[in-house]
Amino acid sequence: MAGRRRHLVLIGPPGAGKGTQATRLAAEQRLCRISTGDLLRAAAQAGSDLGRLAEDFMARGELVPDELILDLVAEELDRPGCASGAVYDGIPRTVDQARGLAGILGERGEGVERVIVIEVPESEIVRRLAGRRVCKKCEKLYHIGFAPPKLEGVCDACGGELIQRHDDRPETIQRRLAVYREQTEPVLAYYAERPGVTAVPGDRAVDEVAASIRHRLTAVGSGA
Ligand code: AMP
């Protein structure tokens, strides 16, 4: 049974817009956002043991081992910022992570309230990821076609340099998509057997996707 805190899971292929939507949703619902991708990138930048280990997996487009991910999540959840609950962005990515998350929450007398699946066709994902650029300094996201900076290669917000993430290169994108199909799609089947799952089309404008998510969250029941 869900406890006092709320736990909302966003699932979708890489480039579905999970990060953008999770950030908005967390702000709207006053929850923290737990992004394992961001946490791992921060660890890599800090040069910690975890970061060095994670870097190799990330550069190849492979998943970081489940135990490391679950430890990170458990640690994050105990932060004061997560006192009202969390929006999960990029976790769970395997069935074992879904079970592990249920275990972590269960130990605290809590559970996942909603699972929102953001659906985007693969052709669109490849276009999005291949054109994605990120500010090295403030991590603001751009797209060279749909959301370019005013000045090429320079962040509008802070003047930082815009770079392409290693894992947004074409070979790695294909590997990440294969990993999603093989390891993360089974998570959808895992949650499908439980109440509270809903899907939204993600190949729309950011505001439209956000509105669908909001609508599904307020809708009574779990209907997809
Ligand atoms: P993301 O920013 O969510 O696309 O994650 C970038 C990369 O971090 C992934 O391709 C994985 O290598 C790693 N990663 C992020 N979250 C997880 C997770 N829950 N399980 C395993 N690996 C992860």
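Since the model is a prediction, treat every value here as computed from it, not as a measurement. Residue indices follow the written sequence of each chain, beginning from 1 at its first position. Reporting of local features is limited, given that this is a predicted model, to residues whose pLDDT is at least 70; pairs of side-chain atoms are given and counted only at 80 or more, and all residues count toward the totals for whole chains, interfaces and linings. Here the side-chain values reflect all heavy atoms present in the structure, with hydrogen atoms and water set aside.

Regarding the packing of aromatic side chains
Applied cut-off: Each pair of aromatic rings taken from Phe, Tyr and Trp, with Trp reduced to its six-membered ring, is defined by centres within 6.5 Å and is described as stacked if the planes are under 30 degrees apart, edge-to-face if over 60, and tilted in the remaining cases. Partly exposed residues are those whose accessible area sits between 20% and 50% of the maximum for their type, while under 20% is buried and over 50% is exposed, using a 1.4 Å probe and protein chains only. For a ring to carry a charge above it, either NZ of a lysine or CZ of an arginine must fall within 6 Å of the ring centroid while also lying within 35 degrees of the normal to the ring plane.
Taken as a whole and judged by the stated rule, the model has one aromatic pair. Judged by centre distance (5.1 Å) and plane angle (80°), the rings of Tyr-190 and Tyr-191 are edge-to-face. Accessibility assignment for this pair places Tyr-190 and Tyr-191 in one class, buried. Between Arg-60 and the ring centre of Phe-57, over which it is positioned, the NZ or CZ distance is 5.3 Å.

Considerations on the state of the cysteines
Rules: To count as a disulfide, a pair of cysteine sulfur atoms needs to be within 2.5 Å. Strands are runs of DSSP state E lasting at least 2 residues, helices are runs of H or I lasting at least 4, and numbering of each runs from the N terminus.
Within this structure, the stated rule accounts for one disulfide. The residue that forms a disulfide with Cys-32 is Cys-82, at a sulfur-sulfur distance of 2.1 Å. The S-S bond linking Cys-32 to Cys-82 shows a torsion near 105°; that makes this disulfide right-handed. A residue pair is termed long-range when its members are at least 10 positions apart, and Cys-32 in strand β2 (residues 32-35) and Cys-82 in the loop between α4 (66-77) and β3 (85-89) qualify at 50 residues. Here Cys-32 matches Cys-82 in class, with each residue buried. For the unlinked cysteine Cys-138, the closest cysteine sulfur is that of Cys-155, found at 3.7 Å. Free cysteine Cys-158: the closest other cysteine sulfur is in Cys-135, separated by 3.5 Å. Overall, Cys-158 belongs to the partly exposed group, its relative accessible area being 29%.

A word on the sheet that holds strand β7 (residues 162-163)
The line we're drawing: When DSSP finds two or more bridges between two strands, those strands count as paired. In this description, contact between two residues means that some pair of their heavy atoms is separated by no more than 4.5 Å. Lines fitted to the C-alpha atoms define the axes, with helices restricted to the stretch that makes contact. Angles between their N-to-C directions range from 0 to 180 degrees.
Read across the open sheet, the three strands follow the order β6-β5-β7; overall the sheet is antiparallel. Of all the strands in the sheet, just β6 (141-143) and β7 have a single pairing partner and so form its edges. Examined bridge by bridge, strand β5 (residues 132-135) and β7 share two bridges and lie antiparallel to one another. Within the sheet, the bridge partner assigned to Cys-135 lies in β7 and is Leu-162. Along the sheet, helix α6 (residues 122-130) contacts β5 and β6; its crossing angle with β5, the most-contacted strand, is approximately 35°.

Comments concerning the site of the ligand
The line we're drawing: Here, proximity means that at least one heavy atom of the residue falls within 4 Å of the molecule or strand. Polar contact is defined as a pair of N or O atoms within 3.5 Å, subject to the rule that within protein one atom must be able to donate a hydrogen and the other to accept it, and that residues adjacent in sequence are counted only when both atoms are side-chain atoms. Surface accessibility in these figures is a Shrake-Rupley result with a 1.4 Å probe; residues are shielded only by whichever protein chains are displayed. Residues were grouped as follows: Ala, Val, Leu, Ile, Met, Phe, Trp, Tyr, Cys and Pro as nonpolar; Asp, Glu, Lys and Arg as charged; and all remaining residues, including Gly, as polar.
Thr-36, Arg-41, Glu-62, Gly-90 and Gln-97 are the nearest of the 16 residues found near the ligand. Take Val-64: an N or O atom from its main chain is 3.0 Å from a nitrogen atom of the ligand. Contact with the protein chains covers 96% of the free accessible surface of the ligand, which is 490 Å². In terms of residue count, the dominant contributor to the shell around the ligand is helix α2 (residues 36-46) (four residues). For the shell around the ligand, a count of residues per class yields six nonpolar, four polar and six charged.

Describing empty space enclosed by the protein
So the rule is basically this: In this analysis, the protein atoms alone were mapped onto a 1 Å grid. Cavities are point sets where a 1.4 Å probe fits without being able to get out; pockets are open sets with protein on both sides within 12 Å along at least five of seven lines; lining residues have an atom within 4 Å of a point. Grid points are joined across faces, edges and corners, and a volume is the space filled by probe spheres set on the points.
Scanning the model with the defined rule gives one cavity of 30 Å³ or more in all. Of the voids in this model, the largest cavity is the one considered here, and its volume is about 40 Å³. Every residue lining the largest cavity is listed: Gln-21, Arg-24, Leu-25, Glu-28, Ala-210, Ile-213 and Arg-214. Elements supplying a minimum of two residues to the lining of the largest cavity: α1 (18-29) and α8 (206-218). Looking at the lining of the largest cavity element by element, the count peaks at four residues for α1. A class-by-class count of the residues in the lining of the largest cavity yields three nonpolar, one polar and three charged.

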